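# Observations on chain architecture
Take a look at the letters that make up each chain.
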Amino acid sequence: MMQMLDRGGIRALTDEIRAADTDNPRGYLEYERAKKTKADPSWLPAARGKAVKMVSALLYDLPPTEKYRIIFMNRDLDEVLESQEKMLKRLGRAAAPRDQLQQSFGIHLDRLYQWLPTQTHLQVLQISYNDLINDPKTEVDRIASFLDDIPAREEMLSAIDPALYRNRKPDS
Amino acid sequence: MTKVSIDSNLYERARQAAEKAGFSSAEELITTAIETELKRLGEADAERQVADQLRGLGYIE
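Residues numbered from 1 in each chain as written. Chains lettered and ligands numbered in written order. Predicted model: local features only at pLDDT ≥ 70, side-chain atom pairs only at ≥ 80, totals over all residues. Heavy atoms only, no water.

## Quick word on the interface of chain A and chain B
How big an interface is tends to be reported as the loss of accessible area on association of its parts. Just so we agree on the cut-off: Here, two residues are considered to be in contact whenever any of their heavy atoms come within 4.5 Å of each other. Two parts placed together each lose some accessible area under a 1.4 Å probe, and the buried area is that loss summed for both. Here a salt bridge means any side-chain nitrogen of Lys or Arg lying within 4 Å of a carboxyl oxygen belonging to Asp or Glu. Each polar contact in these results corresponds to two N or O atoms within 3.5 Å; when the atoms are within protein, one needs to be able to donate a hydrogen and the other to accept it, and residues that are neighboring in sequence are counted only if both atoms are side-chain atoms. Labels follow the DSSP assignment, with helices taken as runs of H or I lasting at least four residues and strands as runs of E lasting at least two, numbered in each case from the N terminus.
In this complex, chain A contributes 27 residues to the contact, which on the side of chain B involves 15 residues. Of the roughly 1800 Å² buried between chain A and chain B on both sides combined, carbon and sulfur atoms contribute 58%. The interface formed by chain A and chain B includes 3 salt bridges. Taking the shortest distance from any N to any O, the salt bridge between B:Glu61 and A:Lys36 comes out at 3.9 Å. Applying the counting criterion to the chain A and chain B interface returns 8 residue pairs in polar contact (both at pLDDT 80 or more). Mapped by element, the contributors of at least two residues to the side of chain A that touches chain B are helix H2 (77–90) and helix H3 (98–115) of chain A. It is H3(A) that contributes the most residues to the side of chain A that touches chain B, 7 residues altogether.

Dropping the structure here:
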């Protein structure tokens, strides 16, 4: 998604501290200060009009002093956990048992989905990772409309690489 | 049904509060309170586990 937005003309806010690796061969496009927003939100005004990558748990930290468009990427939870387990293994770190994490992420997402519509500073578009791979044109249209047609659709489409859809379930 | 002992003063407070809040009995209020607390604890555990996983991946600090 970050690659798509960046190529489409919504520049990714990144410090390039986390370099590309086997798990993310095109790079992470992350911004370290986004992880510390709760303690220090002073970077936010400079991020206006740009794309910032955040995991769902950090959305709670966004202060209502700004307005945000959230493109919420959903993916089959088994595929997410499979991918995360491989990343953790490569980092030499342990993962909790899959069934426990399934349950915990389920609770986390349920709570978040209840909370998001109550936040007037957050506008949310849900995008399925799997739909994006299977029907990119429709999903890119939805994303462009959500962002007031600012990003270029063709450029966004050109950033989608189904070869990077790894850790997929056998029936996907 | 398992029986649980609670302080009689606390039970009386629960009975009065249940009546005021429209519960059918003190038992119903106490059951609701236990269920609410168990849900809260379960959610806190789940959020902690998710945070640990995301921290391990470098996505949060």
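## What about helix H5 (residues 136–146) of chain A?
All names here are of chain A. This is how it is decided: Burial classification: accessible surface area is computed with a 1.4 Å probe over protein chains only, and a residue below 20% of its type maximum counts as buried, one above 50% as exposed, and the rest as partly exposed. Taken from the helix axis, the directions to the C-beta atoms give the arc we talk about.
Three or more residues of H5 are buried, namely Glu-139, Val-140, Ile-143, Ala-144 and Phe-146. Projected down its long axis, H5 carries its buried residues within an arc of 160 degrees, all on one side. Packing partners of the buried residues in H5 comprise helix H1 (2–8), strand S1 (68–74), strand S2 (122–128), helix H4 (129–134) and helix H6 (153–158). In the stretch just after H5, Asp-148 is the one whose phi turns positive, near 55 degrees.

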